[in-house]
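Commentary on secondary and tertiary structure
Spelled out from the first residue to the last, the chains are:
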Amino acid sequence: MKKILTFATAALLSTGLFLSCGKDTKNVIKVGATPEPHAEMLNLIKEDVEAAGYTLEVVEFTDYVTPNEALESGDIDANFFQHLPYMNSFNSERGYHLVSAAGIHIEPIALYSKKVTKLADLKNGAEIAIPNDPTNEGRALLLLEAAGLIKLEPDAGLEATPVKVAENPKGLKFVEVEAATLPRVLEDVDAAVINGNYAIPVGLSATKDGLFIENAESPYVNIVTVKDGNQNDPKVQAVVKALQSDKVKNWVADKYKNGEVVVVF
């Protein structure tokens, strides 16, 4: 009996030790991010967040859906990959409760091609690949409109779809694909509108390779996203402060000399 009690006591102490260690997780912040430049920025500031008393864990994702699902479910504390219109659309569609904690940078999207070197050379009936998620598809179509290739209906808005194209002089054909796969289909279409965080890793520079580039006044600022109510959480603010720093600003200026990434703070 004594041995059983001793074992039980040891087990309780062991459990208590485990729970005690588990309490340290309150000083850990898990942030989901797409690899470049978001995860790179987060890895850059790990020491700064640690200096503020928190451990930053970066969880990488390669799509635009999973990091929001993980955030809503509580598997991560924040994410850093999306712009505000996309987050708002996600909330509307899924009934989620995500909010912006801060704006960090913009990654101008651009129209790229492996087959032509200028807009005028796009042939009639050319196939243009665009993202298939609501906000990035609208963003792509607005870019094509700004380039003078199409004209959208007046009420098209930020979530325009091809059915909202009012004028299409060249008879362009829109190929709707997942944003992450756009670089891979670029060889198979005449041109593609590609988001910055997917263009950069494959060596595409908006200013060097883009046929037409989104201007700096775009509303699509990339944000640190959290569940509503956590905007002022000290560990979230520690990450925001570290991201909105001269260290990050200088890193962006040094790495993205051609304007592929532009900070907004």
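Since we're looking at a predicted model, the values are computed, not measured.

Note that Gly103 resides in strand 4 (residues 98–106). The class for Gly103 is partly exposed, based on a relative accessible area of 24%. Placed 23 residues apart in sequence, Gly103 and Phe80 show a C-alpha to C-alpha distance of 9.8 Å. Residues contacting Gly103, with those up to four places away along its chain left out, are Val221, Asn222, Ile223, Gln244 and Val264.

This part is about the sheet that holds strand 6 (residues 127–131). Strand order across the open sheet formed by 5 strands is 9-6-10-5-11, with mixed pairing between neighbours. Each edge of the open sheet is held by one strand with a lone partner, namely strand 9 (173–177) and strand 11 (212–213). Inspection of the sheet shows strand 6 paired to strand 9 by 5 bridges, in the parallel sense. The partner of Glu127 across the bridge, within strand 9, is Lys173. Together, strand 5 (110–112), strand 6, strand 9, strand 10 (191–194) and strand 11 form the strand contacts of helix 6 (residues 134–146), whose direction differs from that of strand 6 by roughly 140°.

Looking now at the side chain of Thr225. Structurally, Thr225 is set in strand 12 (residues 222–227). Residue classification places Thr225 among the buried residues on the basis of a relative accessible area of 0%. Of note is the side chain of Thr225, whose polar atom sits 3.1 Å from the side chain of Gln82. Not counting the four nearest positions on each side in its chain, Thr225 is found in contact with Leu71, Ala78, Asn79, Gln82, Met87, Leu98 and Val99.

This paragraph deals with the packing of helix 2 (residues 35–44) against helix 11 (residues 246–255). Put simply, helix 2 and helix 11 touch, their axes get as near as 11 Å, and they point 135° apart. Considered as vectors, helix 2 and helix 11 are oriented oblique to each other. Here helix 2 and helix 11 pass one another in a crossing that is right-handed. For the pair helix 2 and helix 11, contact is made by Glu36, Pro37, Glu40, Met41 and Leu44 and by Lys247, Val248, Trp251, Val252 and Lys255, respectively. Partitioning the contact of helix 2 with helix 11 into residue classes produces 6 nonpolar, no polar and 4 charged.

Helix 6 packs onto helix 5 (residues 84–94) with a crossing angle of 140° between their chain directions and a minimal axis gap of 8 Å. With respect to helix 6, the element helix 5 is oriented oblique. Residues Pro85, Tyr86, Ser89 and Glu93 of helix 5 form the contact with helix 6, whose own contacting residues are Pro134, Thr135 and Asn136. Residues that form the contact of helix 5 with helix 6 fall into these classes: 3 nonpolar, 3 polar and 1 charged.

A side chain with one charge can pair with a side chain of the opposite charge if their charged atoms come near. The tally for this structure, following the rule as stated, stands at 10 salt bridges. Residues Asp190 and Lys123 are paired through a salt bridge, measuring 4.0 Å at the closest nitrogen-oxygen approach. Pair noted here: Asp190 is in the loop between helix 7 (182–185) and strand 10 and Lys123 is in the loop between strand 5 and strand 6, with a separation of 67 residues, a long-range link. Take Asp190: its relative accessible area is 11%, and that puts it in the buried class. With a relative accessible area of 52%, Lys123 lands in the exposed category. A salt bridge links Lys257 to Asp254, with the nearest nitrogen and oxygen atoms 3.4 Å apart. Both residues of the pair, Lys257 and Asp254, count as exposed.

Conventions we followed
- Residues numbered from 1 in each chain as written.
- Predicted model: local features only at pLDDT ≥ 70, side-chain atom pairs only at ≥ 80, totals over all residues.
- Heavy atoms only, no water.
- Helix = DSSP H or I, 4+ residues; strand = E, 2+ residues; numbered from the N terminus.
- Buried < 20%, exposed > 50% of the residue type's maximum accessible area, 1.4 Å probe, protein only.
- Contact = heavy atoms within 4.5 Å.
- Pairing = 2+ DSSP bridges.
- Axes fitted to C-alpha atoms, helices over the stretch in contact; angles between N-to-C directions.
- Polar contact = N/O pair within 3.5 Å; in protein donor to acceptor, adjacent residues only side chain to side chain.
- Parallel < 35°, antiparallel > 145°, perpendicular 65-115°, else oblique.
- Left-handed = near helix turned anticlockwise from the far one by under 90°.
- Nonpolar A, V, L, I, M, F, W, Y, C, P; charged D, E, K, R; others polar.
- Salt bridge = Lys/Arg side-chain N within 4 Å of Asp/Glu carboxyl O.

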